Every structure is written in C-alpha cells, then in structure tokens.
Amino acid sequence: MRSLLSLFVVLIVSVAVSAHGGKNYEDSDILANLKPGDKAAIVMVHFGTTHDDTRALTIDALNKKAKESFPSVEVREAYTARIVIKRLGERGIVKEKPLTVLQQLKKEGYTHLLIQPSTIIDGVEKESLDKDIAAVKSDFKEIRVGDPLLYTPEDYENLISVLTDHTDPKTAYVLVGHGTYDSNTAQYAMLDYMLKAKGRSNFFVGTIEGYPSFDDMMTQLKASGLKHVEIVPLMFVAGEHAKNDIAEDWKNDIEKEGYTVNVRMEGLGQNPQIQDLYITHLKFIAKHRKYGIMEKKAIYEVTGEKME
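Being a predicted model, the structure only gives us computed values, none of them experimental. (Residues numbered from 1 in each chain as written. Predicted model: local features only at pLDDT ≥ 70, side-chain atom pairs only at ≥ 80, totals over all residues. Heavy atoms only, no water.)

A. The arrangement of the packing of helix 7 (residues 153-163) against helix 8 (residues 186-197) in detail. With their axes 10 Å apart at the nearest point, helix 7 and helix 8 run at an angle of 60° to one another. In this view, helix 7 runs oblique relative to helix 8, as classed from their interaxial angle. In this structure, helix 7 meets helix 8 at a crossing whose hand is right-handed. Of helix 8, the residues touching helix 7 (which contributes Pro-153, Tyr-156, Glu-157 and Ile-160) are Gln-187, Met-190, Leu-191, Met-194 and Leu-195. Its residues assigned to classes, the contact of helix 7 with helix 8 comprises 7 nonpolar, 1 polar and 1 charged. (Axes fitted to C-alpha atoms, helices over the stretch in contact; angles between N-to-C directions. Helix = DSSP H or I, 4+ residues; strand = E, 2+ residues; numbered from the N terminus. Parallel < 35°, antiparallel > 145°, perpendicular 65-115°, else oblique. Left-handed = near helix turned anticlockwise from the far one by under 90°. Contact = heavy atoms within 4.5 Å. Nonpolar A, V, L, I, M, F, W, Y, C, P; charged D, E, K, R; others polar.)

B. Quick look at the packing of aromatic side chains. Under the definition given, this model contains 4 aromatic pairs. Their ring planes at 15° and their centres at 4.8 Å tell us that Tyr-173 and Phe-203 sit as a pair that is stacked. With Tyr-173 in strand 6 (residues 171-177) and Phe-203 in strand 7 (residues 203-207), this residue pair connects regions lying 30 residues apart in the sequence. The burial state of Tyr-173 is the same as that of Phe-203; both residues are buried. (Phe/Tyr/Trp six-rings, centres within 6.5 Å; stacked < 30°, edge-to-face > 60°. Buried < 20%, exposed > 50% of the residue type's maximum accessible area, 1.4 Å probe, protein only.)

C. Looking closely at helix 8. With 12 residues, helix 8 should cover 16 Å at 1.5 Å per step; its first-to-last C-alpha distance of 16 Å lies within 8% of that length. For helix 8, the complete set of buried residues consists of Gln-187, Tyr-188, Leu-191, Asp-192, Met-194 and Leu-195. Around the axis of helix 8, the buried residues are gathered within 165° of arc, so they sit on the same side. Facing away from the buried side of helix 8, by more than 90 degrees, are the exposed residues Tyr-193 and Ala-197. Buried residues along helix 8 sit in contact with helix 7, strand 6, strand 7 and helix 9 (214-224). Gly-199 sits one or two positions beyond helix 8 and adopts a positive phi of about 85°. (Expected span 1.5 Å × (residues − 1). Arc of directions from axis to C-beta.)

D. Broad picture of the side chain of Arg-144. Position of Arg-144 relative to the elements: it lies in strand 5 (residues 142-145). A distance of 2.8 Å separates the side chain of Arg-144 from the backbone oxygen of Ser-28, its partner in a polar contact. A polar contact of 2.8 Å, which involves the side chain of Arg-144, links it to the backbone oxygen of Ile-285. Here Arg-144 is in contact with Ser-28, Ile-30, Leu-113, Leu-114, Ile-115, Ile-285, Ala-286, Lys-287, His-288 and Arg-289, once residues within four sequence places are set aside. (Polar contact = N/O pair within 3.5 Å; in protein donor to acceptor, adjacent residues only side chain to side chain.)

E. Structural view of the sheet that holds strand 9 (residues 260-263). Here we have 4 strands laid out as an open sheet, ordered 7-6-8-9, and parallel in their pairing. Of all strands in the sheet, those bounded by a partner on one side alone are strand 7 and strand 9. The sheet shows a mean angle of 25° between the axes of neighbouring strands, taken without regard to direction. With 5 bridges joining them, strand 6 and strand 7 adopt parallel strand pairing. Paired with Val-174 across the two strands is Phe-204, which belongs to strand 7. (Pairing = 2+ DSSP bridges.)

F. Geometry of the nonpolar core. Among the nonpolar cores identified, the biggest contains 44 residues, and Leu-149, Leu-175 and Leu-191 are the most heavily contacted of them. With 7 residues, helix 11 (residues 272-287) is the single largest residue contributor to this core. Counting residues domain by domain, this core receives three or more from each of domain 1 (37-150 + 272-297) and domain 2 (153-269). Setting aside chain neighbours within four positions, we find Leu-149 in contact with Thr-119, Ile-120, Asp-155, Leu-159, Leu-268, Ile-274, Leu-277, Tyr-278 and His-281. (Core = buried A, V, L, I, M, F, W, Y, C linked by side-chain atoms within 4.5 Å. Domains from an automatic or database assignment.)

If you want it as structure tokens, here you go:
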C-alpha cells in the first residue's frame, strides 16, 4: 500500500510542475533519460504523395527540419497510403509503411521512439498509425507520439495566425480540407468557427468529403457579398486532391456562381511557419510524457482533482 501511495505522490508532484501541455503531461526528457545501451529514433509519418514536386517542398522539407532540430538522433520516415507506396514503388522509389519501419527499428536495437505525423487532424490516418504502434509497443521501452497540426485550441489559434497573416479583407479565402465522414469532421467546423470568432469573416472552410460541404461553404460565401475568391488547400501536400478536386472541380463550380477565382496551388507543408508548428509538437513530446487515462483516474481517485 505504501509503494502505491508513493506512486500517487510522485504523479501528483509531476502534475504540479507540468509544462504548457496542461495537466495531461509531466516533464520528462526522453533523450536525457536514455540509459547505457538505449537508442532513440524519430519517425516522421506522412500520408505520402506521388507528386515529386510537392513532396520535395513539404515531406522532404519537414524531414530535413526534424534532422536539423535533432542532429544526434536517427530520423526515419514512413508513408501511410498504401496506394502511394505502390505507385512510387513501380517507379523505383521505395517508401515503407509505419509498421515496417517500426519493426526495422526494433531489429536495429532502437529502444525509444518519437513519432510525429504530418496529418492535419486527428482522423483515420492517425487511428491507423495508433494501431501500428499498439502492435509493437511492447518491443520498445517507450514510444511517444506528437499531435497532428490541429489538436488543442492553441493549435487552431497558431494555424489561424499563419493563414490570416497579410491577407486582403476584400478577398474571400476558401480553405478546402480532405474531410471525413465520421465524427472527426467536427474539427473542420471548429476551425471555421474559430476563424469567425476571431473576426475573420472572409475565411470559409469546406471539405471534399464530409462537413462542412461545398454547399455549406457556398451558403456562407454568398452571404458575405465578396466576389473574389482565393482557394487554399487545407492539406499538407498539394497532390491529387489539390490538383484535381480543388484546382478543377471546386474552382469551376465557384466560378459558375459568378466569382473570380484564384487557386493557391501549394500544400500547407510548404509554409516554413507551418513546418515549425509540427517541429514544435515533436520537441514538446521529446520533453514531456503524456499520462495514460488510468494514471489520470488513479490520481483523481486519491486527490479528487481532475486532470484537465
């Protein structure tokens, strides 16, 4: 019983000194805590793209920043899109799935992993990654996973700050995300809501699949009275969806409604400021460990205080 109470005391103290991640994290430098024989690696996980031009400007650029930020740590990459892996393989470009990369790192003797996805929201790609991690979790001493671009309210504020910098109030900016048909689509609606709450009434969010839909976006756009539109892909890379669904379908459909339309044909990952947001997430998990739900419940059981 005494040892159990001691554990609770340690956890409670850790909560009190946790950093800006709130009470969900404790200060814990994974690299500084490595023991003799331990090896740490970073895995940058991307959906992937078959377009060489945007890959160099986004995926490769972010991987490079990770290496520059952690020069003494091995950095690997993985792609989650199997069709992308297949098509690139047919061209002689080898990319591996997350599970394959994780298993290889285990064979090479790595014991601690930092994993940073380049996803925009916490959606199906992140869910797939979590399953791969769960399959090998017992093979490593510790695995930490960074948040996607949008996770906490602070993340939304940071992205909004970047996207709305040096913009024209007389131009309607239409942010187009991939979208999803499950509850995760609410994250796009949250971005739209926060844009409006911050007075950015000339920004509109829509998705190719899910909510807000094209029609939802158009209802708001028409009500704004603005006639010049700039479409901005709300995607890490400007690949198939950006070049086909957005640059063609969305552009043509908006023009049919009487608007002049320009498409900003670049992925969010091309923006150095947005690349830095991902690196900030990676640096944070290198210094902080997230509490598991049962740890939080145990603390609440003893103290009566919720960890929020």
